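# An overview of the molecular structure
What follows is each chain in one-letter form.
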Amino acid sequence: MSVVTRFAPSPTGYLHIGGARTALYSWLHARQNGGRFVLRIEDTDRERSTPEAVQAILDGMTWLGLDADEAPVYQTERFDRYKAVIQQLLDEGKAYHCYSTAEEVEAMREAARAKGEKPRYDGSWRPSPGRTLPEPPADVPPVVRFANPLEGDTVIHDLIKGDITISNTELDDLIIARSDGTPTYNFCVVVDDMDMGITHIIRGDDHVNNTPRQINIFRALVGDESQLPHYAHVPMILGADGKRLSKRHGAVGVMTFREQGILPEALINYLVRLGWSQGDKEIFSREEMVESFRLESVQKGAATFDPDKLLWVNQEHIKAMPAERLGGLLADYLAERGVSMAGEVDVAAVADILRERGATMVEMADKAEMFFVAPTEYDAKAVKKFCRPVNLELLAQVRDRLAALPDWSPQAIHEAVHGVAEANDAGLGKVAQPIRVAVAGVPVSPPIDTTLAVLGRDATLARIDRALEKLDRSADN
RNA sequence: GCUCCCUUCGUCUAGCGGUUAGGACGCGGCCCUCUCAAGGCUGAAACACGGGUUCGAGUCCCGUAGGGAGCGCCA
């Protein structure tokens, strides 16, 4: 039987990293088995579901490259089907009408709690042989409850956690249709997974306690035990404070990472390693993940999200990326901040010399700006330290050598700069730092030779001239 | 409260009865060096606790503690 997995978010907000990780695991499992990966939007909560959230989730999935094989399934479009299945269960005596009011049920729960037991519905409207039910009150619209097995155990053969056994006596008869006739979550999930032919249900482990109920409903619906889906419950992701990641604790939407300059492949890489490992390997391409990821070796315990490591993974991907692609990405980030790249400077070349100097695309863009926009002012501290009259004299010498260079290559520039240093019996820093200030406005840049090479001769000379003029004057004052 | 789950450096993890408990991020030091990085080397840093089982437990069993989840006419 070919593998079918699904990701089933409820559209009440953006796609955050917990959801992204379970989506990733589902996607990986489908891909590595040549199966299908499907999206299902669990939008039955009309109060909280929004089309914006649906779009945000879709956008996040697209950005991460977690492509689904079919159009998304929307639960709200399947109400007729749920209704039919509920009727079927009713007809087969596997579900029944319950006329207890919400208040009465709450009282039952309270009573159970008082006795130190698990709060639950007491089954007072459950039909059983030889039992006469009270007359249904005319003014109470009934709910439909699923008749859960009264004895025995339900065991989950969880691919991640191992076997989990829960006694059926712990489970009460859950509501599968509200008094207004609408179906409830635990029921819809089962019908959907069955109809969609899902073979592997991969989801957050906050669902383990729901699973026995769902398995029992499954069994009531399909006779063939071999049709039961496999379960894999992936642990939660915790925030830095050790608490479950929530909106309070940095559970930002996945697209926020894009804004922060994180690459989708880096986020995916970080997420796949958070809770799973393959020997000492840390950096994975998408293909490597698909090949080596194993549901069975996912960690059982919750993991803490570590932004520092994400940054490191991100830079590893930046360092490994082809210059052309990195340049394209960098151009996007620069364009977003309004930097014009109309001049001579090659963005890919800029990206290439910056890749070791930025952990994020935002940092890269910060450092790249100087290649496209001449400095309008000079860092005061740097000027004071590196642009004293002696330095400016060296700067002038360099300017002339550079101007006379027959060939504008890093090697030639390197020799010119070195030449000035040697001729004046000065360290390289004495010459390089003033150039940096002149050209970048700050005393930090990639190696001076490559920096100038990428910047181009005209821009270099123009910037040096301007600095010479401006700084000289300020020295006079 | 009840049920279920989890527990190796600060963090992510390797380990699957015998290891100097390994790697990675982060942190410290050294080297390289025109700045910043990147890189190389190196250091500090963990088996939650208590009982068993065993010749021998991070590894198996049972407790304890701590953490998490669920117990909805939410999903």
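Analysis parameters
Sequence order as written defines residue numbering, which begins from 1 separately in each chain. Naming scheme: in the order in which they are written, chains are lettered from A and ligands are numbered from 1. For a predicted model such as this one, the threshold for reporting local features is a pLDDT of at least 70, and the threshold for listing and counting side-chain atom pairs is 80 or more; totals across whole chains, interfaces and linings nevertheless cover every residue. Processing note: side-chain calculations cover all non-hydrogen atoms of the structure and skip hydrogens and water entirely. One bridge is not enough; two strands pair if DSSP finds at least two bridges between them. Secondary structure elements are defined from DSSP: runs of H or I of at least 4 residues count as helices, runs of E of at least 2 residues count as strands, and each element is numbered from the N terminus. Note on geometry: axes are lines fitted to C-alpha atoms, helical ones only across the stretch in contact, with angles between N-to-C directions running from 0 to 180 degrees. Here is the rule: rings of Phe, Tyr and Trp (six-membered ring for Trp) pair when centre to centre is within 6.5 Å. Planes less than 30 degrees apart are stacked, more than 60 are edge-to-face, and the remainder are tilted. Buried means the residue's accessible area, taken with a 1.4 Å probe over protein chains only, is under 20% of the maximum for its type, while exposed means over 50%, and partly exposed covers the values in between. We call a residue near a given molecule or strand whenever any one of its heavy atoms falls within 4 Å of it. For this analysis, a polar contact is any N or O atom pair within 3.5 Å, provided that within protein one partner can donate a hydrogen and the other can accept it, and provided that sequence-adjacent residues contribute only side-chain to side-chain pairs. The residue classification treats Ala, Val, Leu, Ile, Met, Phe, Trp, Tyr, Cys and Pro as nonpolar and Asp, Glu, Lys and Arg as charged. All others, Gly included, are polar.

### Some thoughts on the sheet that holds strand β8 (residues 175-177)
Sheet strands associate in pairs through backbone hydrogen bonding, adopting either a parallel or an antiparallel arrangement. Spatial ordering of the open sheet is given by β4-β5-β8, a layout of 3 strands whose pairing is antiparallel. Sheet topology places β4 (95-98) and β8 at the edges, where each strand pairs with a single neighbour. Averaged over all pairs of adjacent strands, the angle between their axes in this sheet comes to 45°, without regard to strand direction. Taken together, the 4 bridges between β4 and strand β5 (residues 143-146) define a ladder with antiparallel strand orientation. Paired with cysteine 98 across the strands is valine 143, a residue of β5.

### Structural notes on the packing of aromatic side chains
The full count for this structure, using the stated rule, is 7 aromatic pairs. Between tryptophan 276 and phenylalanine 293, the aromatic rings sit 5.4 Å apart at their centres with planes inclined by 55°, giving tilted as the arrangement. Residue tryptophan 276 is found in the loop between α8 (264-273) and α9 (286-292), and its partner phenylalanine 293 is found in the loop between α9 and β12 (303-304); the two are separated by 17 residues along the sequence. Taking relative accessible area as the criterion, tryptophan 276 reaches 3% and is therefore assigned buried.

### Remarks on the environment of glutamate 377
As for its position among the elements, glutamate 377 is in the loop between α13 (361-372) and α14 (380-386). Owing to a relative accessible area of 61%, glutamate 377 belongs among the exposed residues under this scheme. Spatially, the C-alpha atoms of glutamate 377 and lysine 470 are 9.5 Å apart, while their sequence positions differ by 93 residues.

### Considering the protein's contact with RNA strand B
Looking at RNA strand B, there are 61 residues lining it, with Arg109, Arg178, Gly275, Glu356 and Ser445 nearest. Separating a phosphate oxygen of RNA strand B from a side-chain N or O atom of threonine 44 is a distance of 3.2 Å. The contact in question runs from a base oxygen of RNA strand B to an N or O atom on the side chain of arginine 48, over 3.5 Å. At the level of secondary structure, the elements contributing two or more residues to the surface near RNA strand B comprise α4 (102-114), β7 (162-167), α5 (185-195), β12, α10 (307-320), α17 (428-440) and α18 (448-455). Among the elements that take part in the surface near RNA strand B, α10 stands out by supplying 6 residues, more than any other. A per-class count over the surface near RNA strand B returns 17 nonpolar, 20 polar and 24 charged.

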